[in-house]
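The residues making up each chain are set out below.
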Amino acid sequence: MTTKHPTGMTGRTYLERGHPVTVTIAYSARRAPDITAPWLDFHWPDGRPAAGPRNVAVRRADGSIVVRPFRGLTRPKA
């Protein structure tokens with residue numbers, strides 16, 4: 001059984017140019033820093049910052065693991 005990742009995509013199968021790949025490590029967006037003082041209310045200035053490139057590590061059918069952009073991966077038809 002695959003452990004759940006906060007993004008919900010780890011362990012899912014996608015198609016890369018028609019061939020199935022499994023996401024092994026997903027990107028994670030930046031979150032607010034851990035703040036220990038309860039009186040301090042943190043807000044990102046001008047909204048949340050961009051998460052940057054959304055790269056994922058995928059395992060291909062031949063067993064190789066590569067890091068590639070998430071863009072371009074498609075869900076297989078159910």
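Residues numbered from 1 in each chain as written. Predicted model: local features only at pLDDT ≥ 70, side-chain atom pairs only at ≥ 80, totals over all residues. Heavy atoms only, no water.

Student: Pulling in residues and values, what's your account of the nonpolar core?
Tutor: M9, Y14, V21, V23, A26, Y27, V56, V58 and L73 form the largest nonpolar core, which has nine residues in total. The set of elements that each furnish at least two residues to this core consists of strand 2 (19-25) and strand 3 (55-59). If we skip the residues at most four places from it in the chain, M9 touches Y14, V23, A26, Y27, V56 and F70. (Core = buried A, V, L, I, M, F, W, Y, C linked by side-chain atoms within 4.5 Å. Buried < 20%, exposed > 50% of the residue type's maximum accessible area, 1.4 Å probe, protein only. Helix = DSSP H or I, 4+ residues; strand = E, 2+ residues; numbered from the N terminus. Contact = heavy atoms within 4.5 Å.)

Student: Before we move on, can you summarise the pairing of strand 1 (residues 13-16) with the specific residues and values?
Tutor: For a regular strand, side-chain orientation follows a simple rule: the groups alternate between the two sheet faces. Alternating positions in strand 1 separate cleanly, Y14 and E16 being buried on one face and T13 and L15 remaining unburied on the opposite face. As defined by bridge partners, strand 1 adjoins strand 2 across four bridges and the pair is classed as antiparallel. Its bridge partner lying in strand 2, L15 is registered against P20. In this structure, the hairpin formed by strand 1 and strand 2 is closed by a connection of two residues, where R17 is found at a positive phi of approximately 55 degrees. (Pairing = 2+ DSSP bridges.)

Student: If you had to explain the confidence of the model for the protein to someone new, which residues and values would you point to?
Tutor: Averaged over the protein, the pLDDT score is 77; the fraction of residues at 70 or greater is 58%. Averaged over each element, pLDDT in the protein is lowest for strand 3 (91) and highest for strand 1 (95). Across residues 1-6 the pLDDT falls below 50, and counting only partners more than four positions away or on other chains, this stretch makes six contacts in the model. (pLDDT = per-residue confidence, 0-100.)

Student: Give me the side chain of R68: which residues, what numbers.
Tutor: Within the secondary structure, R68 is located in strand 4 (residues 65-69). By relative accessible area, R68 is classed as buried at 14%. One polar contact links R68 to E16, side chain to side chain, over a distance of 2.9 Å. Residues contacting R68, with those up to four places away along its chain left out, are E16, R54, N55, V56, V58 and L73. (Polar contact = N/O pair within 3.5 Å; in protein donor to acceptor, adjacent residues only side chain to side chain.)

Student: Which residues make up the pattern of salt bridges, and what values do they have?
Tutor: Evaluation of the coordinates by the stated rule reveals two salt bridges. Between E16 and R60 there is a salt bridge; the shortest N-O distance is 3.0 Å. In this pair, E16 is assigned in strand 1 and R60 in the loop between strand 3 and strand 4, connecting sequence segments 44 residues apart. Note that R68 and E16 form a salt bridge whose closest N and O atoms lie 2.9 Å from each other. Separated by 52 residues along the polypeptide, R68 in strand 4 and E16 in strand 1 bring together distant segments of the chain. With respect to class, R68 is no different from E16; both count as buried. What you see here is one network of salt bridges that share partners, running through E16, R60 and R68. (Salt bridge = Lys/Arg side-chain N within 4 Å of Asp/Glu carboxyl O.)

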